[in-house]
Amino acid sequence: MTDVNVGGTKNVVAACAAAGIKTLVFTSSASVVFDGRDLDGVDERAPYATRPMDYYTATKIEAEKIALAAHAPPSLSTIALRPSGIFGEHDALLVPTAVAKARQGKMKYTIGGGQNLMDWTYAGNVAAAHLAAARALADPEKAPLVGGRPFFVTNDDPRPFWTFMGDLLEPLGYGRPHVNLPYWPLYIIACIYAAVIALLRPLVAIPASDFTPMRITISAATRRLNCGAAIRELGYRPTVSIEDGVARTVASFAALAAPGAPILQRGRGARSRSRSRARA
């Protein structure tokens, strides 16, 4: 993570200088301001997390600082984009992981009430934000105002974390999370479990587990971010809605669907109609 996020960012900045590149849009992460406490409508004035939730986030904080410190027009103008909860077709992490857990019976639970809001962002909208940022940096009037700054990028439509997970799983034939578990008892158990694992790991081989305090916190916290600056100043527009993004995402993962899943039923219906039209 250090080599890619920190060393790689340094290499890209150096390459821009060597090649005479004038603008750089850096892909950061909304997690750079998240330390486990609820984020309820925060904007870019929020400070970096002093206790990042994982090592990946720590390296993204350092990398974002490198990218923004490299802002030195006219030689190089930089922007950092902070997308939140990226999802979309062919994602290698979110949907495959959720399906794997659902097949193990682990996705029927919600944690801490289940109504904590999170900002999600369809991948196509993240791409559009990068184009908008690049255009802004190339605009002589906008560049002095937006250069050297971070911008949150979301769909501007926060959804309850567990409801959204259900929206991804249900069309694939897996049940929605519905059994609520209280946050604090679960968090304390996870802390005790992590401590025991830390003591035993030097002695015995123990497989990695996702039952960690960090995972419990992330799934129960509110993470609602204000992307108004990107909309106002970069001209960003989240043109693909959450509903359309979810539909596209689910369709791309039809191969992971359970037997009899709604998405498979719709697919058979569509194929039947196509064959009927062909015969006609």
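Here's what I pulled together on the structure shown here. (Residues numbered from 1 in each chain as written. Predicted model: local features only at pLDDT ≥ 70, side-chain atom pairs only at ≥ 80, totals over all residues. Heavy atoms only, no water.)

**What about the packing of helix H3 (residues 94-103) against helix H6 (residues 161-169)?**
Then, in step 1: In contact at an axis separation of 10 Å, H3 and H6 are set at 85° when each is read in the N-to-C sense. In terms of orientation, H3 lies roughly perpendicular with respect to H6. On the side of H3, the interface is formed by Leu94, Val95, Ala98, Val99 and Ala102, while H6 contributes Phe164, Met165, Leu168 and Leu169.
Then, in step 2: Residues of the contact of H3 with H6, tallied by class, amount to nine nonpolar, no polar and no charged. (Axes fitted to C-alpha atoms, helices over the stretch in contact; angles between N-to-C directions. Helix = DSSP H or I, 4+ residues; strand = E, 2+ residues; numbered from the N terminus. Parallel < 35°, antiparallel > 145°, perpendicular 65-115°, else oblique. Contact = heavy atoms within 4.5 Å. Nonpolar A, V, L, I, M, F, W, Y, C, P; charged D, E, K, R; others polar.)

**With respect to the side chain of asparagine 155**
Then, in step 1: By the secondary structure assignment, asparagine 155 is in the loop between strand E8 (149-153) and strand E9 (159-160).
Then, in step 2: A distance of 2.9 Å separates a polar side-chain atom of asparagine 155 from the backbone nitrogen of tyrosine 122.
Then, in step 3: What asparagine 155 contacts, discounting residues up to four positions off in sequence, is Trp120, Thr121, Tyr122, Asn125, Tyr236, Pro238, Val240, Ser241 and Ile242. (Polar contact = N/O pair within 3.5 Å; in protein donor to acceptor, adjacent residues only side chain to side chain.)

**Here we look at the packing of aromatic side chains**
Then, in step 1: Here the structure, examined in full by the defined rule, presents nine aromatic pairs.
Then, in step 2: What links up through ring pairs into an aromatic cluster is the set Phe87, Trp120, Tyr122, Phe161, Trp162 and Phe164.
Then, in step 3: It is arginine 82 that lies over the ring of phenylalanine 152; its NZ or CZ is 5.1 Å from the centre.
Then, in step 4: Over the aromatic face of phenylalanine 34 sits the side chain of arginine 223, whose NZ or CZ is 5.3 Å from the ring centroid. (Phe/Tyr/Trp six-rings, centres within 6.5 Å; stacked < 30°, edge-to-face > 60°. Lys NZ or Arg CZ within 6 Å of the ring centre and 35° of its normal.)

This is a description of form; function is not addressed.
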